[in-house]
Amino acid sequence: MAPNRIVELSETIQNHTKIVDDYLEANNLPTPSFDISTPLRLPLPPDIQVSQAAVLDAADELTALMLGPAGSLFNSLTSLQAIERFALAKSFRPGSTASFAQIAHHSSLPEPDTRRILRHAIAQYIFTEPSPGIVAHTAASKALAELPPLAHCVAFLAGEMWPASTRLVDAMQRWPGSEEPGQTGWALAEGTETPMFEVVGREGERARRMAGAMRWMHQGSGYGAGHVVEGFAWGEAAEGGMLVDVGGGTGGVAVEIARMLPRVRCVVQDLPDVVAGAEVPEDLGEGRVRFMQHDFFEEQPVRGADVYLLRWVLHDWSDKYAVRILRNLVPALKRGARVLAVDLCLPPPGALSPYRERSVRTFDLAMKAIQNAKERDAEDWKMLFQTADERFKMGEISKPEGSNLSLICAVWEGD
Ligand SMILES: C[S@@+](CC[C@H](N)C(=O)[O-])C[C@H]1O[C@@H](n2cnc3c(N)ncnc32)[C@H](O)[C@@H]1O
C-alpha cells in the first residue's frame, strides 16, 4: 500500500535533508544554524539546490496538512480578504467545479483579477485547479463557504486586524507609549480616534463579523468553560455562592458554570446592547442566572459576591484601563472574595518553541494594534492587581490541562 501523504512528505524531507547535509559535510561547510557566523544563504550548487527546494516544498505542505484546513487558512490575507469581500467561496458549490469566467460573473469581479486572486489562494491550499482554468474546492475553501463563524473570523482578521497591524508602527511613532484605545494602528487605518470596539460594534455587518469571529475563536476546546469549572478551587462558593461574571457577554460561560455547579447563582453583567440579546436557557430554572446591564468602568453594584469573574476581559485593555476595571470592584468586595481573571498568561521567554511562541506574541501585538491592549505574563498580572490595590493578594496562576487560558486569582484581604 502506498504511504499516506504525510508519511510520504516526511520521507521526502528526511531523504533530501540528508543529501543537503552530506554535501555540506563533504565540503567542510557549516551546518545551518541561527548563529551569527552562519552564511546568509546556504552555499549549495544547483543539483543540491533541488534537494533544498524539495525539503522546503514538502515542509510547507506537511505544515499545512498538520495544521488542518482551519489552522492553515490565516496565512494569505490578501487573497482571503478578496475571497470574503467578493464572496468567491460561495460562488460555486463544494463538490462541483467552475471556470474563472463563471466565478468572475458570479462575483462581479473582472476575470483577470478573479484568476490572480484565486491562484494566490490556490498556492496556499485554498481552492485547487484540477485542470487549467477550472477551479474546485479544497477543505479550506469549502469551510469558508459553509461555516459562517469561520468566514466571519477570516473577514475580521483580514478586514480589521490586518489593516491595524500595517499601521501599528505609525501609531507607536505618533502616540509613543499611549494606553488609549483610540490611538492605535486600527485608528490610523480607519481615520478616527474612536476605539475599534465602539465603531465596529455599532456597524451592522462589521459588528456581526466581529461577533462571529469571537464565536469561532471561543469554539476550540482550549477555550471551553469547563476549564474554569474544573480548574478553579470553588470551595464553599460552589455551595450556594454567588458569582458575578463581569463583561460576561451573553452568558455562555456563566450558563456552563451554573449547569456544572448546580448550587451556584450567577449574575452576568455586560453593556446594554449585549445583555438585551441574552436569554437564560430553560433547563436552568428561574433565578440561577440573571443578566444585568453594567458598565465595568462604573462602580460594581453587586456587593458581597464570592467570586467576580473577568474572563477574557482584561486583555482588551491597557494597564491604565484594566486597573480602573479592578478598582471599580473594590467597594463591592467582602473579605475573602476572589477576583478570577481568566486570560492568557504569557509564558516566560524561551519556554515555548519559536513556532508556538510566535502565535502568542502575534496575538499580543494584535491587541496593541487594535486597542492598545496587551497580553500579560505572570509578573504583569501581579503588578496589575497590586497597582489596582495592595489589598489584593495574588494566588497561584494555573493553566488547566488543555486550556489556552490561565486562571489568575486574587483574594481580597481588605475589610
Ligand atoms: C472578549 S469578550 C469576553 C466575553 C466573556 N467574558 C467570555 O469569556 O466569553 C469582552 C466582553 O466585554 C464586554 N465589554 C466591553 N466593554 C464593556 C464595558 N465598559 N462594560 C461591560 N462590559 C464590557 C464586551 O461587550 C464583551 O462581551
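Just above, that's the structure.
Residue positions are counted from 1 within each chain, in the order its sequence is given. At least 70 in pLDDT is required for a residue's local features to be given in this predicted model, at least 80 for side-chain atom pairs to be given and counted, and no such filter applies to totals for whole chains, interfaces and linings, which use all residues. Side-chain numbers come from the whole structure's heavy atoms, not from hydrogens or water.

K.L.:
Report on the site of the ligand, specifying residues and quantitative values.
P.N.:
If even one non-hydrogen atom of a residue comes within 4 Å of a molecule or strand, that residue is called near it. Around the ligand sit 14 residues in total, of which Gly247, Asp270, Asp295, Phe296 and Arg311 are the nearest. Within the side chain of Asp270, an N or O atom sits 2.7 Å from an oxygen atom of the ligand. Interatomic distance of 2.9 Å between a backbone N/O atom of Phe296 and a nitrogen atom of the ligand. Its free accessible area being 590 Å², the ligand has 82% of it covered by the protein chains. Lys, Arg, Asp and Glu make up the charged group, whereas Ala, Val, Leu, Ile, Met, Phe, Trp, Tyr, Cys and Pro make up the nonpolar group; the residues left over, Gly among them, are polar. Here the residues of the shell around the ligand are counted per class, giving five nonpolar, five polar and four charged. For the purposes of these results, a polar contact is taken to be a pair of N or O atoms within 3.5 Å, where, inside protein, one atom must be able to donate a hydrogen and its partner to accept one; residues adjacent in sequence count only when each atom of the pair is a side-chain atom. Here the Shrake-Rupley method, with its probe set to 1.4 Å, supplies the accessible areas, and only the displayed protein chains count as covering residues.

K.L.:
Run through the sheet that holds strand E2 (residues 128–131), naming residues and quoting values.
P.N.:
Should DSSP find at least two bridges between two strands, the strands are regarded as paired. Put simply, DSSP H or I for four residues or longer makes a helix, DSSP E for two residues or longer makes a strand, and each gets a number counted from the N terminus. Taken together, three strands build an open sheet; the order of strands is E1-E3-E2 and the sheet is antiparallel. Edge positions in the sheet fall to strand E1 (97–99) and E2, since each of these pairs with one other strand and no more. Within this sheet the neighbouring strands show an average axis-to-axis angle of 45°, counted without direction. Both E2 and strand E3 (residues 134–136) contribute to a ladder of two bridges, which runs antiparallel. The partner of Thr128 across the bridge, within E3, is Ala136. Residue contacts are counted whenever heavy atoms from the two residues lie within 4.5 Å of one another. Axis angles are defined between N-to-C directions and span 0 to 180 degrees, where every axis is a line fitted to C-alpha atoms and, for a helix, only to the segment in contact. Set on the sheet, helix H4 (residues 100–107) makes contact with E1, E2 and E3; between it and E1 the angle comes to about 85°.

K.L.:
Can you break down helix H1 (residues 5–26) residue by residue, with the values?
P.N.:
For a helix, the expected span equals 1.5 Å multiplied by the number of residues minus one. Its 22 residues give H1 an end-to-end C-alpha distance of 31 Å, which sits within 8% of 32 Å, the value for a rise of 1.5 Å per residue. Using a 1.4 Å probe on the protein chains alone, a residue whose accessible area is under 20% of its type maximum counts as buried, one over 50% counts as exposed, and one in between counts as partly exposed. Burial in H1 covers these residues: Leu9, Val20 and Leu24. Down the axis of H1, the smallest arc covering the buried residues is 40°, so these residues share one side. Among the exposed residues of H1, those pointing more than 90 degrees away from its buried face are Gln14, Lys18, Glu25 and Ala26. The arc in question is the one spanned by the directions pointing from the helix axis to the C-beta atoms.

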